[in-house]
Amino acid sequence: MGAWAEAAQVCIFDMQRGQQEGHELDKILFFSPTDCPLPSQLSVIGLSEGLITFTRIFSPEAPCQLMQAEQHCHIFLNCEPDIWMVMVVEKAKEVEEDVRAAALEAVLKEAHELFVMFYGSIRALLHKHPAGDVARSCLHAFMPDYFADFLTGKKLQLPSIGDGLTERGTMQPVSLERDTVLHAQSLVGLLESCFGGGIVRHTLILFHGYLVSSTLPVGDTAALFSYAALRLTPAAIALSSSLHSAHKGQSTMQSPASRAGQSKLRTLFNNVTPTLAQEEPTIPSTSPLGQDTAHPEEGVKSQFPRPLRQDAWWKDKDGFLATDAWGADNNGVHPTIWLQQSEEQVHLCVYQYRALTLLLLIPTLLNGSNSLDTFTLLKEQLLDEAAQKIEKLEERLSKEWVGSNASHVPGYRYLCCDRSSKTATASPPSKVSTLSKESLSALNQVRAEIDFEKGRVERQASEQDPELEVCLRTKQNAWVIVRVRGGHELYTVQERASDTLVLASDAVEKLNKRSDLDPFFSNGAICNEALSWTIFFRLTWYAPSKARDDSNIHFLNHSAPLSCKQLEIIRPLS
């Protein structure tokens, strides 16, 4: 597992609620594990609220983000105005290295983004239902399913130092030939212009879980891509379909109370066996999303949507994906999601042909037309008119596809990110696993310092992104080289003992010139021009052979020294 033991707590609370004495519990929207005594829940939230209030004195715009204690780590995320998500994790005794706070914060950010996509913002739910019961029920329906993916047995497998060359919340694009790109654009144009009088508003295309094309804004694309990677890839659908078939067969022989006990994976995170009412929360016929998600029979209640349930989706014979996560019987009506950047509410319709997945987004208001008739028309036209284009695109992608190691560059272990487009290309996990623990630890420390610098720039509301280059040589003569400029980041680890600084830098330049890794490489975003501040340092597990001249050691355009006690700067870049 990573650097974390079994114990972990996640809480969400609203600082605008529970301000009167005796009403403190009202501010708790979600707390896990649910069997945690109320005094302990109030203690965690009270400590968190106190730290937030105190640090706001010194940093009103960006208060407390991290608290490191001897045995615990507290991660804070201000996900919405006065609504906070806090993760408290117990440090494993056998692990000395602290995982980057930004890596853990990214987990909370992803959970919140997915929640908002399916339910709307937490604040909007609280405004519409001031009692807070709907917001709490939605959170309890969603959060355990999200964190169930991190479970290994009974332990929560959170990011570790071994994940230093990954970036949560980014998309992995497919490198395509020009003709294949034109085929994808032709298919998208057909889908969005012809079917059902142009009812398809947006289209997202994936191949083996990698991004091919999207007509959505970047933020909405990233959120929908994250969900698709979790539940809509061919591998995820194969697993979900088998689980759904097994559960469906068992449900015909079991009572509702028996079925409530089936979600063992979900309740492991809660660490408590829920009652039927907790496991199957119900709502009136009108959902908090403003859409009718209940059974068509009047007065019958349905579950809150559980889009991250592991058996939520399966593939029908016609190639379209079906789901019951929005109710036991949604009668052919496709699920509804929120698009935050375009501020739209749309239906999600998914079609899958072999390894190709098409996500079609259809407006919820179609000039008074019947939704079921619209989807029926869409499916008929898709199968009749676009089938040939879909098959041809899948065939071309399959010929160009070289497997999950397509992004591997021999001799390199790297990660490159484009913050503006939220895309990332990296060495495959199987290749990263060959790095030594020392190299991963050094990378973890460097990334933590860069996170600190980026956070400092953000707090200063600077319009310029940080520009820096960091080179680090470990005891085993491995090189960690990082370049950051204009929202683009390149992280590399080279474990060639014979390499000098010049050779290691030249190797990064060769990687930098490869245009097949990521679009921003070819644009010269990461280049060998003089950057605003550059630092070279070495891990000090051994004594230097000569006394260094401290008068020549300084930072360029950097207001404070590095905080890592294990790092010693040896000389600046001339």
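As named in an unreviewed UniProt entry, the protein is CCZ1/INTU/HSP4 first Longin domain-containing protein, taken from Sphagnum troendelagicum. Regarding the protein, the UniProt comment filed under Sequence similarities (unreviewed entry) reads as follows: "Belongs to the CCZ1 family."

### What about the overall build of the protein?
Per the secondary structure count, the protein includes 15 helices and 23 strands. For the protein, long-range pairs separated by at least 24 residues make up 65% of all intrachain contacts whose partners lie at least 6 apart in sequence. Here the protein displays about 26,800 Å² of accessible surface, and carbon together with sulfur accounts for 51% of that area.

### Details of the sheet that holds strand 16 (residues 356–363)
Strands sit in the order 9-8-16-15-14 across an open sheet of five strands; the sheet is antiparallel. What marks the edges here is a single partner per strand, and that holds for strand 9 (210–214) and strand 14 (336–339). Strand-to-strand twist of the sheet, defined as the mean angle between neighbouring strand axes without regard to direction, takes the value 30 degrees. Pairing between strand 8 (residues 202–207) and strand 9: four bridges, direction antiparallel. Counterpart to Leu 204 in the pairing with strand 9 is Ser 214.

### Some words on the pairing of strand 21 (residues 488–494)
Of all seven residues in strand 21, seven are buried; the element is thus mostly enclosed. Summarising the sheet, strand 17 (residues 413–418) and strand 21 pair through six bridges and their orientation is antiparallel. Bridging from a neighbouring strand, Asp 418 pairs with His 488 of strand 21. By the bridge criterion, seven bridges tie strand 20 (residues 479–485) to strand 21 in an arrangement that is antiparallel. Counterpart to Arg 485 in the pairing with strand 21 is His 488. Between the antiparallel neighbours strand 20 and strand 21 lie two residues, among them Gly 486 with a positive phi of about 55 degrees.

### Observations concerning the packing of helix 2 (residues 101–119) against helix 6 (residues 218–231)
It is the contact of helix 2 with helix 6, at a shortest axis distance of 10 Å, that shows an interaxial angle of 100 degrees. In terms of their interaxial angle, helix 2 and helix 6 are classed as roughly perpendicular. Contacts from Glu 110, Leu 114, Met 117 and Phe 118 in helix 2 reach Ala 223, Leu 224, Ser 226, Tyr 227 and Leu 230 in helix 6. Residue composition of the contact of helix 2 with helix 6, grouped by class: seven nonpolar, one polar and one charged.

### Some remarks on the packing of aromatic side chains
Using the criterion set out here, one finds 14 aromatic pairs in the structure. When the ring of Phe 115 is compared with that of Tyr 119, the centres are 4.6 Å apart and the planes differ by 20 degrees; the resulting orientation is stacked. Remark: Tyr 119 and Phe 115 occur in helix 2; sequence separation between them is four residues, near one turn of the helix. Tyr 119 matches Phe 115 in its accessibility class, with the two residues each being buried. Taken together through their ring pairs, the aromatic side chains of Phe 115, Tyr 119, Phe 142, Tyr 146, Phe 147 and Phe 150 make up a single cluster. Against the face of Tyr 491 rests Arg 447, its NZ or CZ located 4.4 Å from the ring centre. The ring of Tyr 412 carries Arg 496 above its face, with NZ or CZ at 5.9 Å from the centroid.

### Remarks on helix 5 (residues 178–193)
Its 16 residues place the ends of helix 5 22 Å apart at the C-alpha level, agreeing with the 22 Å of an ideal helix rising 1.5 Å per residue. For helix 5, every residue scored as buried is listed here: Thr 180, Ala 184, Leu 187, Val 188, Leu 190 and Leu 191. Down the axis of helix 5, the buried side of the element spans an arc of 160 degrees, and every buried residue falls inside it.

### Comments concerning the packing of helix 2 against helix 4 (residues 133–148)
Packed helix pairs are characterised by how far apart their axes lie and by the angle those axes make with each other. Here helix 2 crosses helix 4 at 135 degrees, and the two axes come no closer than 11 Å. Compared by their axis directions, helix 2 and helix 4 come out oblique. The crossing of helix 2 and helix 4 is right-handed. Note on element contacts: helix 4 touches helix 2 through Cys 138, Leu 139, Ala 141, Phe 142, Met 143, Tyr 146 and Phe 147, opposite Val 107, Leu 108, Glu 110, Ala 111, Leu 114, Phe 115, Phe 118 and Tyr 119.

### Considering the environment of Gln 9
For Gln 9, the location among the structural elements is in strand 1 (residues 4–14). Put simply, Gln 9 and Pro 33 are 24 residues apart on the chain and 6.4 Å apart in space, counted from C-alpha to C-alpha. Those residues in contact with Gln 9, other than ones at most four positions away along the chain, are Phe 31, Ser 32, Pro 33, Cys 36, Val 44, Val 86, Met 87 and Val 88.

### Topic: unusual backbone geometry
In this structure, the amide linkage connecting Ser 32 to the following residue, Pro 33, adopts the cis form with an omega of 5 degrees. With respect to the helices and strands, the residue Pro 33 is situated in the loop between strand 2 (28–32) and helix 1 (38–55). The phi angle at Glu 343 is positive, at roughly 55 degrees, despite the residue not being glycine. Of note, Glu 343 is situated in the loop between strand 14 and strand 15 (344–353). On the basis of relative accessible area, Glu 343 is assigned to the exposed category, the value being 70%. Of note in the backbone geometry, Arg 354 takes a positive phi value of approximately 55 degrees without being a glycine. Looking at the element boundaries, Arg 354 is found in the loop between strand 15 and strand 16.

### Considerations on the environment of Cys 349
Inspection of the secondary structure assignment puts Cys 349 in strand 15. Once the C-alpha coordinates of Cys 349 and Leu 360 are considered, the two residues, eleven residues apart in sequence, prove to be 5.0 Å apart. Setting aside residues no more than four positions away along its own chain, Cys 349 makes contact with Phe 320, His 334, Leu 358, Leu 359, Leu 360, Ile 362, Phe 375 and Leu 378.

### A few points about the pairing of strand 18 (residues 423–426)
Residues Thr 423 and Thr 425 point to one face of strand 18 and Ala 424 and Ala 426 to the other, with burial holding for every one of them. Judged from the four bridges that link them, strand 17 and strand 18 form a sheet pairing that is antiparallel. Along strand 18, the bridge assignment pairs Asp 418 with Thr 423. Two successive antiparallel strands, strand 17 and strand 18, enclose a turn made up of four residues, where Lys 422 displays a positive phi of approximately 55 degrees.

Procedures and definitions
- Residues numbered from 1 in each chain as written.
- Predicted model: local features only at pLDDT ≥ 70, side-chain atom pairs only at ≥ 80, totals over all residues.
- Heavy atoms only, no water.
- UniProt positions renumbered as here; feature names shortened; annotations may be inferred.
- Helix = DSSP H or I, 4+ residues; strand = E, 2+ residues; numbered from the N terminus.
- Contact = heavy atoms within 4.5 Å.
- Areas by Shrake-Rupley, 256 points an atom, 1.4 Å probe, with all protein chains shown as cover.
- Pairing = 2+ DSSP bridges.
- Axes fitted to C-alpha atoms, helices over the stretch in contact; angles between N-to-C directions.
- Buried < 20%, exposed > 50% of the residue type's maximum accessible area, 1.4 Å probe, protein only.
- Parallel < 35°, antiparallel > 145°, perpendicular 65-115°, else oblique.
- Nonpolar A, V, L, I, M, F, W, Y, C, P; charged D, E, K, R; others polar.
- Phe/Tyr/Trp six-rings, centres within 6.5 Å; stacked < 30°, edge-to-face > 60°.
- Lys NZ or Arg CZ within 6 Å of the ring centre and 35° of its normal.
- Expected span 1.5 Å × (residues − 1).
- Arc of directions from axis to C-beta.
- Left-handed = near helix turned anticlockwise from the far one by under 90°.

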